[in-house]
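# A look at the structure
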Amino acid sequence: MRRNTKDAELRERAAQVIPGGMYGHMSTAMMPEGYPQYFAQAEGTRITDVDGNVYIDFMCAYGPNLLGYRHPDVMAAVQRQQALSDTVTGPGEPMVQLAEAMVDMVSHADWAMFCKNGGDATTMALMIARARQGKRKVLVAHKAYHGAVPWNTPRPGGVLPEDRAHLIYYDYNDPQALEDAAKQAGDDLAGIFAAPFRHDTFADQELPDAEYARAARAVADQHDALLIVDDVRAGLRIARDCSWETLGVRPDLSAWGKVLGNGQPISALMGNDKAREAAQKIFVTGSFWYSAVPMAAAVETLRIVRETDYLEHLQRIGTMFREGLLEQGRTLGLPIKSTGPATMPMVLFDDDPDFRFGYAFCQAAMERGVYLSPYHNMFINAAMTEDDIRRTLDATGAALEHVKKNRASIEPPAALAKMAALVAEH
Ligand SMILES: Cc1ncc(COP(=O)(O)O)c(C=O)c1O
């Protein structure tokens, strides 16, 4: 039996001293009932909650765990750098080494700037696009997530219409919509944001057509605007390069984060020479942006990315998970869809408009030691083995049987009703 005494106690204490008890994407408020909020340990593919329950983790810290938690080579690099310096009055040698390694790896890029979170990098991209020629309009796909910053955060609290006054929204993967949006911007178009694939929450994921990617490049060129690919989520899980390199399209800027230091806090903005001067015009910084330890971790992570078959392994393992799950759904007559790249799968049920089956399925899998998400794309990490996938499929098979057996009595998820009420309050 799973225990949750310590988690419940921490939640109670948190409710006193942390607004809402928890905030942001790691709040379990939207997860199925019983998901643990607090974790004590992580190693390889496994996370252990504060009550000692162990899970095979398909969220990978919402992306950063690329090679396995506490990867020994990355941790050795962390320890070596920690013994020398971390946050001091100026950066260390790893900053230059990392910029060189990133510029070598990312075909479109001639330079790199480092920061802490993905939202820092996308906001810098926005500023550079505007600083370049003093133009204001920026195209962003409907519902695309580029960070919890006033210009993009998905909830309305504390955001003014003015924060988004110069954003124009278009439909992802629709060249005509993109052209129409650009027309609206006229001669004031500074930049176009695009994600490597459409990864909205609560929705099937959509891979881009090359035609759309080429149209984005062409529209940016016609308007002398910058094309920005937001690789914060998908970086290094699609390519050892910018993800749109697989479509034959090179952006001017690409934003990176999450995986770069395999969990150490570091993100980056990469750019080409067209954007270099504008990058020197903006003032951006942070107390921890130059810390040497995460940079040393990233240098080591990139070495592993270059020298191993981690990416092919991710694709193999992700495909095994996806095909196993779809086969289980077919066998049980429960139609499941798995969309997006196999290395970042979204799993939703067909004909589940209020997500009740997806929630019940994930809850049942979690109780059997597999941590999945019912509304967000998941992440495969390179420490996962075929044996991990077999164990996972044992749990998901039992979870699907549970859904099938209890189909008639499964209620819509309470968490979603609560969340809808919260958003409606604004
Ligand atoms: C595509 C994308 N862009 C930007 C961000 C923001 O990154 P961060 O949460 O590190 O600020 C995220 C985070 O999930 C993301 O998925």
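Residues numbered from 1 in each chain as written. Predicted model: local features only at pLDDT ≥ 70, side-chain atom pairs only at ≥ 80, totals over all residues. Heavy atoms only, no water.

## A closer look at helix α3 (residues 93–105)
The criterion, for reference: The helix and strand labels rest on DSSP assignments: H or I over at least four residues marks a helix, E over at least two residues marks a strand, and numbering proceeds from the N terminus. A helix's residues, less one, multiplied by 1.5 Å, set its expected span. Contacts: residue pairs with any heavy atoms within 4.5 Å of one another.
Over its 13 residues, α3 runs 19 Å from end to end, which matches the ideal 18 Å to within 8%, given 1.5 Å per residue. Taken together, the buried residues of α3 touch α2 (72–82), β4 (111–115), β9 (253–256), β10 (267–271) and α8 (292–307).

## Focus: the pairing of strand β2 (residues 46–49)
Rules: A pair of strands is considered paired only if DSSP assigns at least 2 bridges between the two.
When strand β1 (residues 39–43) meets β2, the two strands line up antiparallel, connected through four bridges. Paired with phenylalanine 39 across the bridge in β2 is aspartate 49. Joining the antiparallel neighbours β1 and β2 is a turn of two residues, in which glycine 44 adopts a positive phi near 60°. The hairpin formed by β2 and strand β3 (residues 54–57) contains four residues between the paired strands, and glycine 52 there has a positive phi angle of roughly 90°.

## Describing the packing of aromatic side chains
Stated formally: Two aromatic rings, drawn from Phe, Tyr or Trp (for Trp, its six-membered ring), form a pair once their centres lie within 6.5 Å of each other, and the interplanar angle then sorts them: stacked below 30 degrees, edge-to-face above 60, tilted otherwise.
A full pass over the atoms with the stated rule returns 12 aromatic pairs. Members of the aromatic cluster, connected to one another through ring pairs, are Tyr35, Phe39, Tyr55 and Tyr371.

## Digging into the sheet that holds strand β13 (residues 370–371)
The four strands lie next to each other as β1-β2-β3-β13, forming an open sheet whose pairing is mixed. Either end of the sheet is taken by a strand with one partner, and the two such strands are β1 and β13. Pairing of β2 with β3 involves three bridges; the strand directions are antiparallel. The residue bridging threonine 48 from the neighbouring strand is valine 54, located in β3.

## Regarding the pairing of β4
Note the following rule: Only protein chains enter the accessibility calculation, which uses a 1.4 Å probe. A residue is then buried if its area is under 20% of the maximum for its type, exposed if over 50%, and partly exposed in between.
Of all five residues in β4, four are buried; the element is thus mostly enclosed. Judged from the five bridges that link them, β4 and β10 form a sheet pairing that is antiparallel. By the bridge assignment, methionine 113 is partnered in β10 with leucine 269.

## A closer look at the domain arrangement of the protein
Condition: Either an automatic procedure or a domain database provided the assignment from which the domain bounds are taken. Buried area counts how much accessible surface, traced with a 1.4 Å probe, disappears from two parts once they are put together, with both parts' losses summed. Any Lys or Arg side-chain nitrogen located within 4 Å of an Asp or Glu carboxyl oxygen qualifies as a salt bridge. By the criterion applied in these results, polar contacts are pairs of N or O atoms within 3.5 Å in which, for protein atoms, one can donate a hydrogen and the other can accept it, and in which residues neighboring in sequence qualify only through two side-chain atoms. Each residue is assigned to one of three groups, with Ala, Val, Leu, Ile, Met, Phe, Trp, Tyr, Cys and Pro labelled nonpolar, Asp, Glu, Lys and Arg labelled charged, and all others, Gly among them, labelled polar.
Looking at the assigned domains, one finds that the protein contains domain 1 (5–62 + 309–424) and domain 2 (72–307). Taking only C-alpha atoms, the centre of domain 1 and the centre of domain 2 are 27 Å apart. Listed as interface residues are 27 residues of domain 1 and, on the opposing side, 21 residues of domain 2. The contact between domain 1 and domain 2 buries some 2000 Å² in all, and 62% of this surface belongs to carbon and sulfur atoms. Looking only at domain 1, the three residues that lose the most surface to domain 2 are Tyr310, Leu311 and Met344, adding up to 25% of its buried area. Our enumeration of links across domain 1 and domain 2 arrives at two salt bridges. Where arginine 240 meets glutamate 312, a salt bridge forms, and the shortest distance between an N and an O atom there is 2.8 Å. In this structure, the connection of domain 1 to domain 2 is made through nine residue pairs in polar contact (both at pLDDT 80 or more). When contributions to the side of domain 1 that touches domain 2 are tallied by element, the ones reaching two or more residues are α9 (310–332), β11 (336–339), β12 (346–349) and α12 (414–424). Here the element with the most residues in the side of domain 1 that touches domain 2 is α9; it accounts for five residues. Of the residues contributing to the side of domain 1 that touches domain 2, the split by class is 18 nonpolar, six polar and three charged.

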